[in-house]
Amino acid sequence: MSKPIFERVAILGLGLLGASLAHAVRRGGLAGEIVGYARSLETRDRVRELGFCDQVCDSAADAAKGADLVVLCAPVGAFGALAETIAPHLRTDCIVTDVGSVKSAVVRDVSPHIPDGVHFIPGHPIAGTEQSGPDAGFAELFDGRWCILTPIGAAEDDVSHTADRAEVEKLARFWRACGSNVDFMDPHHHDLVLAITSHLPHLIAYNIVGTAADLETVTQSDVIKYSAGGFRDFTRIAASDPTMWRDIFLNNREAVLEMLGRFTEDLSALQRAIRWGDGDALFERFSRTRTIRRSIIDAGQDSPVPDFGRHAKPGDKKA
Ligand SMILES: NC(=O)c1ccc[n+]([C@@H]2O[C@H](COP(=O)([O-])OP(=O)(O)OC[C@H]3O[C@@H](n4cnc5c(N)ncnc54)[C@H](O)[C@@H]3O)[C@@H](O)[C@H]2O)c1
Ligand SMILES: O=C(O)C(=O)C[C@]1(C(=O)O)C=C[C@@H](O)C=C1
């Protein structure tokens with residue numbers, strides 16, 4: 001158990017990410033007090049029952065008051081309004097951060113509301129599951145995963161010239177104590193990288209599962225009964241929270257459209273290779289992608305099944 005890094009951590013939004021963060025903060029003893037806010041009474045009551053916050057407030061302003069760390073954990077489309085609501089109540093010198101899956105739009109929406117003397121340091125833990133809500137949270141979610149911080153004005157991998165250098169380092173220390181590895185990027189670069197590694201895969205999953213569900217010649221029960229490994233993996237991703245993902249696509253539009261354009265061209269090339277029986281082209285492509293998978297495993301970015309960080313929680317029965 002470490003010494004607390006913050007006196008009062010306010011977590012606004014108590015779904016998968018907010019709840020997991022509260023659990024991780026408690027596990028590490030990283031805060032004197034964990035205060036939570038959720039929009040609905042039902043969630044607030046459930047969080048009181050689950051007991052992972054020391055206090056659950058009925059308003060975001062009350063939760064943020066007196067906090068030296070405020071973490072926005074709602075869907076990214078809600079961040080601007082949340083920041084506006086809490087702004088007058090923020091303690092001077094407090095750090096405001098977030099866990100949103102896009103960064104440029106968050107900087108655009110939140111920065112205008114941040115008062116002088118408050119440090120806004122956007123962040124994104126690259127850790128999640130397809131589950132949502134407060135019951136889905138667990139302390140191990142961030143263990144061994146990357147958390148990307150995108151301090152405003154910092155070049156990639158270099159936070160030395162941000163005005164908030166000491167605060168950036170404090171926040172990085174906090175995420176490390178939550179189990180993460182920390183990296184720095186500028187928001188634009190983050191959005192491009194995540195567009196290909198996270199957002200496009202989700203779009204493809206939503207689309208392929210939707211296509212299968214709409215087929216007339218293959219019934220839905222055929223799809224469910226004979227769902228092979230590949231399709232099954234897509235259905236897990238396509239079960240992710242619709243509000244969260246709507247907000248991600250609306251707020252990372254340009255980067256996603258750029259990656260989607262490239263993807264569509266590459267898909268057309270595969271289509272052509274199949275049509276013309278060009279086995280060499282298919283073989284070359286599949287061999288190249290196999291190397292990527294091996295590099296991910298070699299880099300320790302994939303874990304053996306069952307993967308508690310992604311598919312299940314410790315204590316869950318093996319499927
Ligand atoms: N789920 C993932 O895999 C994952 C991973 C990394 C980052 N994120 C980011 O974390 C954030 C939260 O995602 P999650 O998976 O915890 O979602 P979730 O649906 O489990 O939880 C979101 C919470 O925010 C609350 N909320 C919704 N609208 C709100 C509003 N207008 N004001 C205040 N609260 C509101 C919801 O009631 C819910 O409690 C998102 O910004 C998402 O992009 C998610
Ligand atoms: O594993 C999953 O279920 C996830 O989708 C997690 C995932 C990802 O794409 O890797 C989803 C969104 C994030 O912002 C970060 C992580």
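Residues numbered from 1 in each chain as written. Chains lettered and ligands numbered in written order. Predicted model: local features only at pLDDT ≥ 70, side-chain atom pairs only at ≥ 80, totals over all residues.

Undergrad: Looking at this structure, how should I read the domain arrangement of the chain?
TA: Often, the extent of an interface is quoted as the loss of accessible area on bringing the components together. Segmenting the chain into domains produces domain 1 (6-185) and domain 2 (189-298). Between the C-alpha centres of domain 1 and domain 2 the distance comes to 30 Å. Between domain 1 and domain 2, the residue contacts involve 15 residues of the former and 17 residues of the latter. Within the side of domain 1 that touches domain 2, the residues separate by chemical class into six nonpolar, six polar and three charged. (Domains from an automatic or database assignment. Contact = placed C-beta atoms within 7 Å. Nonpolar A, V, L, I, M, F, W, Y, C, P; charged D, E, K, R; others polar.)

Undergrad: Looking at this structure, how should I read the pairing of strand S2 (residues 31-37)?
TA: The side chains of a regular strand alternate, residue by residue, between the two faces of the sheet. By the criterion of burial, S2 is predominantly enclosed, with five of the seven residues buried. Regarding topology, helix H1 (residues 16-28) serves as the crossover connection from strand S1 (residues 6-12) to the parallel S2, and that connection is right-handed. Where S2 lies against strand S3 (residues 55-57), three bridges are found, and the strand directions are parallel. Its bridge partner lying in S3, Gly36 is registered against Val56. Regarding topology, helix H2 (residues 41-50) serves as the crossover connection from S2 to the parallel S3, and that connection is right-handed. (Buried ≥ 20, exposed ≤ 12 C-beta atoms within 10 Å, placed from the backbone. Helix = DSSP H or I, 4+ residues; strand = E, 2+ residues; numbered from the N terminus. Right-handed = clockwise from strand over helix to strand, strands pointing away. Pairing = 2+ DSSP bridges.)

Undergrad: Got a minute to help me understand the nonpolar core in this structure?
TA: Counting 68 residues, the largest nonpolar core has Val9, Ile11, Leu12, Val70 and Val71 as the members making the most contacts within it. Tallying contributions element by element places H1 first for this core, with seven residues. Not counting residues up to four positions away in its chain, the partners in contact with Leu12 are Tyr37, Ala60, Ala63, Val70, Val71, Leu72, Cys73, Ala74 and Leu82. (Core = buried A, V, L, I, M, F, W, Y, C linked by C-beta atoms within 7 Å.)

Undergrad: Explain the sheet that holds strand S9 (residues 181-184) here, please?
TA: Two modes of strand pairing occur in sheets, parallel and antiparallel, and in both the strands are linked by backbone hydrogen bonds. If you trace the three strands from one edge of the open sheet to the other, you get S7-S8-S9, paired in mixed fashion. Every other strand in the sheet has two partners, leaving strand S7 (123-125) and S9 as the edge strands with one partner each. Each strand axis lies, on average, 20° off the axis of its neighbour in the sheet, ignoring direction. Across three bridges, the pairing between S7 and strand S8 (residues 146-149) is antiparallel. In the strand pairing of S8, Gly123 is matched with Leu149. Docked against the sheet, helix H6 (residues 165-177) engages S7, S8 and S9, running at close to 165° with respect to S8. (Axes fitted to C-alpha atoms, helices over the stretch in contact; angles between N-to-C directions.)

Undergrad: I keep staring at the sheet that holds strand S6 (residues 119-120) and nothing clicks. Help me out?
TA: Taken together, six strands build an open sheet; the order of strands is S3-S2-S1-S4-S5-S6 and the sheet is parallel. One side of each edge strand has no neighbouring strand; the edge strands of this open sheet are S3 and S6. The pairing of S1 with S2 spans six bridges and is parallel. Residue Ile11 lies in a different strand from S2, and its bridge partner there is Gly36.

Undergrad: It is not clear to me how the site of ligand 1 should be interpreted in this structure. Could you clarify?
TA: In the vicinity of ligand 1, 27 residues are found, and the nearest of them are Gly13, Gly15, Ala78, Gly128 and Ser132. Listed by contribution, the elements that provide at least two residues to the shell around ligand 1 are H1 and helix H10 (242-251). Among the elements that make up the shell around ligand 1, the one with the highest residue count is H1 (three residues). Grouping the constituent residues of the shell around ligand 1 by class yields 14 nonpolar, eleven polar and two charged. Three or more residues apiece are contributed to the shell around ligand 1 by two domains, here domain 1 (6-185) and domain 2 (189-298). (Near = placed C-beta within 6 Å.)

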